[in-house]
Amino acid sequence: MFKTYEDLPLTPITNVSSRTNKTGLWRTFKPVIDYEKCIKCYICWKFCPDVAIIINDFPQIDYDYCKGCGICANECPKNAITMEKEE
Amino acid sequence: MKKVVTGNEALAYGAKIARAEVIPAYPITPQTTVVEKIADFMADGEMKAKYIKVESEHSAMAACIAASNAGARTFTATSAHGLTLMHELLFWASGARLPIVMGNINRAMGPPWSVWADHLDSIAQRDTGWMQFYCENNQEVLDTVIQAYKICEDKDILLPAFINEDAFYLSHTSELVDIPDQERVDEFLPPYELQLKLDIDNPMGFGSLVMPEWYMEFRYKIAEAMDRSRKKIQQVSKEFNKMFGRSYEMLDLYRCEDAEAVFIAVGTMASTAKEVVDTMRKEGKDVGVARLRVFRPFPVDEIRELAKTVDFIGVMDRSYSFGYGGAIFSEIKAALYNSDYKPIVKDYIVGLGGKDVTPKVLEKIFTDGLKVRTKGLKDKEIEWIGVKGLGGW
Amino acid sequence: MLLPKVIAMIEIRFHGRGGQGAVVASKLLAQAAFLEDNDVQSFPYFGVERRGAPVTAFTKIDKRPIRIKSQIYEPDYVIVLDPSLMNAVDVAHGLKKNGLILINSNKKPEKFNLPAKRIATVDATSIAIAHRLGSKHAPIVNSAILGAFSKASKIVKLSSLINSILEISPAKKEENAAAAKEAYEKVTVVENV
Ligand code: SF4
Ligand code: SF4
């Protein structure tokens, strides 16, 4: 791609959307929601730093982008989310 | 068309005839009448632009950055505390390679609170990657706005610039200014076209993270562009001269060819100094003035050339860097250190916070310089001029 | 009529109160002198303006380009828009030996005890009120006092002053021009007071 500074554009530019960057590949633990315990408070959705929780009445994890940071599990007031080791 | 206008009006006319399209503005004394005049132009239908009222100078520059990145020719103006509040975003504008042009009214930094002329506000932006022009009259203010867009928007440069005028000495002083015809300016200054820009149909991210492997490479590109701007400034000045009959040098030499002592002046002080040179020449005192019109990029070659023919350079700094001397003094010495010609260089700190730099004050400085030229510097490398209690002045 | 003449640089200082139009006066005079092919400079005292506070403004006129960018310390002319200022401000400060002071007053020049040889007076306040410039309590006297200045100093012709007023006066152009004309006729100048 770039060999010298002369090949670079003037300023750092990303010409693709961050959707192409599947942060799900970074995961070692994955959050799993126990829908029996979930009270649909959506606190997990608010805290997820990668917008990897989608609300479809109940919260759902988008594993393409969930990087497994565990913040949702930490914030859930009902302990409805557990972090499980990736297979 | 010749008109009697203030320096602030000259900035506004400059923005108008350069066809600036976006004006984000926040008022501050003594800049306010710049953006007021632009608002008048727009209200009267004489100028077509988007005027954005923002809540601070930080936001003003942020809006300039976004507008410029979207491909709009952008203008704003500020002063002192406003300029320094923009500091963070000034780096962004140059790093993002956006040709924003801004007027800065050189005003002192408080405390003590002061609204008067002083160059510390802009000198403190030295390392932000902006070109810096300093004007000696209102005609130059207007001409420099037009030239700056042409320099900044050149595809080999793509850097921002700000144009300085001394608070009150220019900002509120009315002088004769020849305002060029719109068609001629349009001929001189083509529309701004940006290749990579914010575009809804072609989304991109700007200002992304760069790993250590490539950071220096991007910064080097800026350094190269700033170096190239020296030639570009001269070339644009020549083209401007051909079209409008007024030319400007990076280092404007006045009666320096055969001078024994040359004094570096910046802004309006230089204009008064030229008058004093004429008076002293009549008395057989061979002094000259070199007006530093461009501080960034620094005219290193011109300074070295000047040093070949003089034994003494007196630098008149209208700002002070606490700890060691005025910035222009330091830069001039730095430029000369690796050259074969090293005249004595003395720093005169003068006119801070609007202390009037009268012909009398300048005559005393010039007389002192002639004396130092023959007797040597002794211990006074840096001298504050006109401070009550320091005596001698 | 003597032709106006500008040989060396001429420096004029205006004293007024915020709101009386001293700053506009300095600009109107500069514009008039420009119309007679002079280089000009005009500026307010580099301060903060507030209504009622003493205000100083300056005009420089020269045939050569004006390069000196400092304030005026030794004026050739002083114009006082409000005589009540003279209790608080030393209006004659720095006035050149042959300098002239023009005062907005209904008194005769001889009544003033000032360190100046040439004194002129004109009742610009009454003239401004008669032409409905400003209000009765706060008349704007700048055009009238400049009419008187044209006659007393011969620095600019009345016709140039009127053209300047018609061109750049912010409001009531015709009334301002008429006031200037009337003051031109009515000013009294006394040499060797
Ligand atoms: S935070 Fe826990 S309880 Fe609240 S919506 Fe998320 S999973 Fe359900
Ligand atoms: S683990 Fe982290 S990234 Fe994944 S859903 Fe929870 S908060 Fe979002």
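For the structure itself, consult the block above.
Just so we're clear, the structure is a prediction, and the values are computed from it rather than from any experiment.

Cut-offs and rules
Residues numbered from 1 in each chain as written. Chains lettered and ligands numbered in written order. Predicted model: local features only at pLDDT ≥ 70, side-chain atom pairs only at ≥ 80, totals over all residues. Heavy atoms only, no water. Helix = DSSP H or I, 4+ residues; strand = E, 2+ residues; numbered from the N terminus. Rg over C-alpha atoms; globule rule 2.2 N^0.38 Å. Buried < 20%, exposed > 50% of the residue type's maximum accessible area, 1.4 Å probe, protein only. Contact = heavy atoms within 4.5 Å. Lys, Arg positive; Asp, Glu negative; His and termini not counted. Charge placed at Lys NZ, Arg CZ, Asp CG, Glu CD. Salt bridge = Lys/Arg side-chain N within 4 Å of Asp/Glu carboxyl O. Buried area = accessible area lost by both parts, 1.4 Å probe. Polar contact = N/O pair within 3.5 Å; in protein donor to acceptor, adjacent residues only side chain to side chain. Nonpolar A, V, L, I, M, F, W, Y, C, P; charged D, E, K, R; others polar. Pairing = 2+ DSSP bridges.

Tallying secondary structure elements over chain A gives two helices and five strands in all. Computed over C-alpha atoms, the radius of gyration of chain A comes to 17 Å, more than 25% over the 12 Å expected from 2.2 N^0.38 for 87 residues, which places it beyond the range of a compact globule. Counting only C-alpha atoms and orienting by the principal axes, one finds that chain A spans roughly 60 × 25 × 20 Å. Taking all 87 residues of chain A together, 29% fall into the buried category. Of all intrachain contacts in chain A linking residues separated by at least 6 positions in sequence, the fraction that spans at least 24 positions is 64%. Side-chain charges in chain A split into 11 positive and 12 negative, and the spacing between the mean points of these groups amounts to 3 Å.

Before going further, it helps to examine the environment of A10(B). Residues and elements named next belong to chain B. Secondary-structure assignment places A10 in helix α1 (residues 7-17). A relative accessible area of 0% means that A10 is categorised as buried. With 167 residues separating them in the primary sequence, A10 and V177 have C-alpha atoms 7.7 Å apart. Setting aside anything within four residues of it in sequence, one finds A10 in contact with V5, N138, V141 and L142.

The next subject is the arrangement of the chains. Here two pairs of chains make contact, and the pair sharing the most contacts is chains B and C. Of all C-alpha pairs spanning chain A and chain C, none lies closer than 42 Å, and the two are not in contact.

Once that is clear, we can look at the pattern of salt bridges. Within this structure, the stated rule accounts for 43 salt bridges over all chains. E175(B) is the salt-bridge partner of K69(C), the closest N and O atoms lying 2.1 Å from each other. Here E175(B) lies in strand β8 (residues 174-178) and K69(C) lies in the loop between β3 (54-62) and β4 (77-80), a pairing that spans two chains. Per residue, the accessibility class of K69(C) equals that of E175(B), and both read buried. E224(B) is the salt-bridge partner of R228(B), the closest N and O atoms lying 3.7 Å from each other. Highlighted residues: R228(B) and E224(B), both in helix α9 (residues 212-244), separated by four residues, approximately one helical turn. Take E224(B): its relative accessible area is 24%, and that puts it in the partly exposed class. Put simply, E136(B), E140(B), D252(B), K274(B), R291(B) and R293(B) are held in one network by salt bridges that share partners.

Counting residues at the interface gives 19 residues for chain C and 27 residues for chain B. Contact between chain C and chain B buries roughly 2,000 Å² in total, counting both sides, with carbon and sulfur atoms accounting for 55%. The tally of links between chain C and chain B comes to five salt bridges. Between R67(C) and D278(B) there is a salt bridge whose closest N-O contact spans 2.6 Å. Our count for the contact surface shared by chain C and chain B stands at 13 residue pairs in polar contact (both at pLDDT 80 or more). Counting residues per element, the ones that place at least two in the side of chain C that touches chain B are α1 (22-35) and β2 (39-44) of chain C. Per element, the largest residue contribution to the side of chain C that touches chain B is six residues, and it comes from β2(C). Here the side of chain C that touches chain B is built from residues that sort into seven nonpolar, seven polar and five charged. Of the strand pairs in this sheet, β8(B) and β2(C) are connected by two bridges, and their pairing is antiparallel. Across the sheet, residue E175(B) finds its bridge partner in β2(C), namely Q41(C).

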